[in-house]
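# What the coordinates show
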Protein chains: 2
Amino acid sequence: MQDIANHAGINKALLHYYYRTKDHLFNAVFEKIAGRMFEKFAPVFDEHLTLEEKIRFFFREHISFLQKNPRLPIFLLNEMNRNPERIRKIILHMDFQKFWLKIEKQHKEELLRYNLTKENIPQFMTTMAAISVFPFAGRALISAILEKTGYDFKEYLEERKTYAADFVIKAIKKD
Amino acid sequence: MQDIANHAGINKALLHYYYRTKDHLFNAVFEKIAGRMFEKFAPVFDEHLTLEEKIRFFFREHISFLQKNPRLPIFLLNEMNRNPERIRKIILHMDFQKFWLKIEKQHKEELLRYNLTKENIPQFMTTMAAISVFPFAGRALISAILEKTGYDFKEYLEERKTYAADFVIKAIKKD
DNA sequence: GTCTATAGAAGGATAGAC
DNA sequence: GTCTATCCTTCTATAGAC
């Protein structure tokens, strides 16, 4: 609380005046921050793009967003792990069925050319998220290894936007 | 320290007798635990298997290991993020060049049929790790979504061992 | 609303008996 | 080696002046 007060240029007493307890303050911060992460997923479903373009769009936008907020993933993952009930309650109010129906409708014939079904959509979506998020969650490890082997982490991230898209598209294309 | 002492069935004083400070205790725990995670990567390079079999072997073994230690990823990721210097020092003493040379040697002709080069090996390796680790790091979020949409997290993990392997192999195969 | 001062609890660490 | 008792610091939270 002292550190936060210092950063805010006020004192501890005022923090408690506004938030009453440390717990309330943390929740306020968490909820403000958590929203930003998931907002980035939504527009993907609305853009008038082909499936492939949507995948490219997602990686480009999501990784760019995380480049500006590199500590967000580890913060959110850690907090969701520490307090799973909170995220369960948030999820309960969301309609995921809707997203899949949108995709099915928008890409009816297109879907025939890809290995994407209602059954494997959880595997696919978590794979997308994994590929985008992990470089930031594991940043300390990855940038240490890259540094050691003569690569640059920033370049690695730039490359990843297209590598990830190419990788995923190739993986799901029927032929 | 009180909680740990309780779990161990001793008292705080004895913890300090053995580890002197809380920091020393934490380091002892971290080093003991961190090793287990990376041990799982090593045998992949030694087994006499084709590249595809190695990929299948990796996901099967690594995800099985994490099923038994589901909280390991988030603990390690969080701690590496909190203290990047520690992991940098550990990495400094490892020879990654060696691993790539092993693969190049063992799979000389085979490699011609895959999109795997010295240049994109960091992208590839981090993608493998991401796909395996993320379901556990993001367990709270993923199992909340799966629950909500009528899937089962345990089944999801079992399926993932083969889904991940199929996905990755398809992604890197030239044709 | 914003501050200073301080209460009250908890945490890390040590002293000293056995 | 293991315990109890206790010191000292840090932390959350509140009281009360302005």
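The shown structure was predicted, so the numbers you read here are calculated from the model rather than taken from an experiment.

## Notes on the overall build of chain A
Looking only at helices and strands, one finds ten helices and zero strands in chain A. Put simply, chain A runs from its N terminus to its C terminus through helices and strands in the order α-α-α-α-α-α-α-α-α-α. Each principal axis of the C-alpha atoms in chain A carries an extent, and together these give about 65 × 45 × 25 Å. Counting the 175 residues in chain A, one finds 43% classified as buried. Considering only contacts in chain A between residues 6 or more positions apart, those separated by 24 or more positions represent 68%. Surface exposure of chain A reaches about 9900 Å², of which carbon and sulfur atoms provide 56%.

## Some words on the relation of the copies chain A and chain B
Structural alignment of chain A on chain B gives an RMSD of 0.2 Å, achieved by rotating through 180 degrees and translating 0.0 Å along the axis. The transformation just described matches what one would write down for a two-fold rotation axis. Among all residues of chain A, the one whose C-alpha sits closest to the rotation axis is Ala171(A), at a distance of 2.1 Å. Most of the interface of chain A is mirrored in chain B, where 100% of its interface residues again form contacts.

## Some words on the side chain of Arg160(A)
You can see Arg160(A) is positioned in helix 10 (residues 153-172). Of the side chains with opposite charge, Glu159(A) comes closest to the buried, unpaired Arg160(A), at an N-O distance of 8.3 Å. Among the polar contacts made by the side chain of Arg160(A), one reaches the side chain of Gln123(B) at a distance of 2.7 Å. Those residues in contact with Arg160(A) that sit more than four places away from it in its chain are Ile63(A), Ile131(A), Pro135(A), Ala165(A), Gln123(B), Thr126(B) and Thr127(B).

## What to know about the side chain of Gln123(A)
Positionally, Gln123(A) belongs in helix 8 (residues 121-137). A distance of 2.8 Å separates a polar side-chain atom of Gln123(A) from the backbone oxygen of Tyr156(B). Each residue touching Gln123(A), except ones within four places of it in the same chain, is listed here: Tyr156(B), Glu159(B), Arg160(B) and Tyr163(B).

## Some thoughts on the domain arrangement of chain A
Residues and elements named next belong to chain A. For chain A, the domain assignment lists domain 1 (1-40) and domain 2 (43-172). Of the residues lining the interface, ten residues belong to domain 1; the matching set on domain 2 comes to 15 residues. Where domain 1 abuts domain 2, roughly 1300 Å² becomes buried across the two surfaces, and 78% of that area is made up of carbon and sulfur atoms. Inspection of the region where domain 1 meets domain 2 yields zero salt bridges. In this assembly, domain 1 and domain 2 are joined by one residue pair in polar contact (both at pLDDT 80 or more). Per-class residue counts for the side of domain 1 that touches domain 2 are five nonpolar, one polar and four charged.

## A word on the protein's contact with DNA strand C
In the region of DNA strand C, 13 residues are neighbours, and Asn11(A), Ala13(A), Tyr18(A), His16(B) and Lys22(B) sit closest. When atoms of DNA strand C within 4 Å of the protein are split into backbone and base, the sugar-phosphate part holds 58%. In this structure, Met1(B) approaches DNA strand C through a main-chain N or O atom, which is 3.1 Å from a phosphate oxygen. Going through the elements one at a time, helix 2 (12-19) of chain A together with helix 2 (12-19) of chain B are the ones with two or more residues in the surface near DNA strand C. At four residues, the largest contribution of residues to the surface near DNA strand C is made by helix 2 of chain A. When its residues are assigned to classes, the surface near DNA strand C shows seven nonpolar, three polar and three charged.

## Some words on the environment of Tyr156(A)
Mapped onto the elements, Tyr156(A) comes out in helix 10. The buried category is assigned to Tyr156(A), whose relative accessible area is 3%. Once the C-alpha coordinates of Tyr156(A) and Pro135(A) are considered, the two residues, 21 residues apart in sequence, prove to be 9.2 Å apart. In contact with Tyr156(A), not counting residues within four places along its chain, are Pro135(A), Ile142(A), Leu146(A), Pro122(B), Gln123(B) and Thr126(B).

## Section: the nonpolar core
Core analysis: the largest hydrophobic core is formed by 106 residues, its most contacted members being Phe59(A), Phe124(A), Phe59(B) and Phe124(B). Apart from residues lying up to four places away in sequence, Phe59(B) is in contact with Ser64(B), Met128(B), Ile131(B), Ser132(B), Lys161(B), Ala164(B), Ala165(B) and Val168(B).

## A closer look at the protein's contact with DNA strand D
Near DNA strand D you find 13 residues, and of these Lys12(A), Lys22(A), Asn11(B), Ala13(B) and Tyr18(B) are the closest. Of all DNA strand D atoms lying within 4 Å of any protein atom, the proportion belonging to sugar or phosphate reaches 57%. At 3.2 Å from a phosphate oxygen of DNA strand D is found a side-chain nitrogen or oxygen belonging to His16(A). The set of elements that each furnish at least two residues to the surface near DNA strand D consists of helix 2 of chain A together with helix 2 of chain B. Per-element tally for the surface near DNA strand D: the top contributor is helix 2 of chain B, with four residues.

How each quantity is defined
Residues numbered from 1 in each chain as written. Chains lettered and ligands numbered in written order. Predicted model: local features only at pLDDT ≥ 70, side-chain atom pairs only at ≥ 80, totals over all residues. Heavy atoms only, no water. Helix = DSSP H or I, 4+ residues; strand = E, 2+ residues; numbered from the N terminus. Buried < 20%, exposed > 50% of the residue type's maximum accessible area, 1.4 Å probe, protein only. Contact = heavy atoms within 4.5 Å. Areas by Shrake-Rupley, 256 points an atom, 1.4 Å probe, with all protein chains shown as cover. Least-squares fit on C-alpha atoms with pLDDT ≥ 70 in both. Lys, Arg positive; Asp, Glu negative; His and termini not counted. Salt bridge = Lys/Arg side-chain N within 4 Å of Asp/Glu carboxyl O. Polar contact = N/O pair within 3.5 Å; in protein donor to acceptor, adjacent residues only side chain to side chain. Domains from an automatic or database assignment. Buried area = accessible area lost by both parts, 1.4 Å probe. Nonpolar A, V, L, I, M, F, W, Y, C, P; charged D, E, K, R; others polar. Near = heavy atom within 4 Å. Core = buried A, V, L, I, M, F, W, Y, C linked by side-chain atoms within 4.5 Å.

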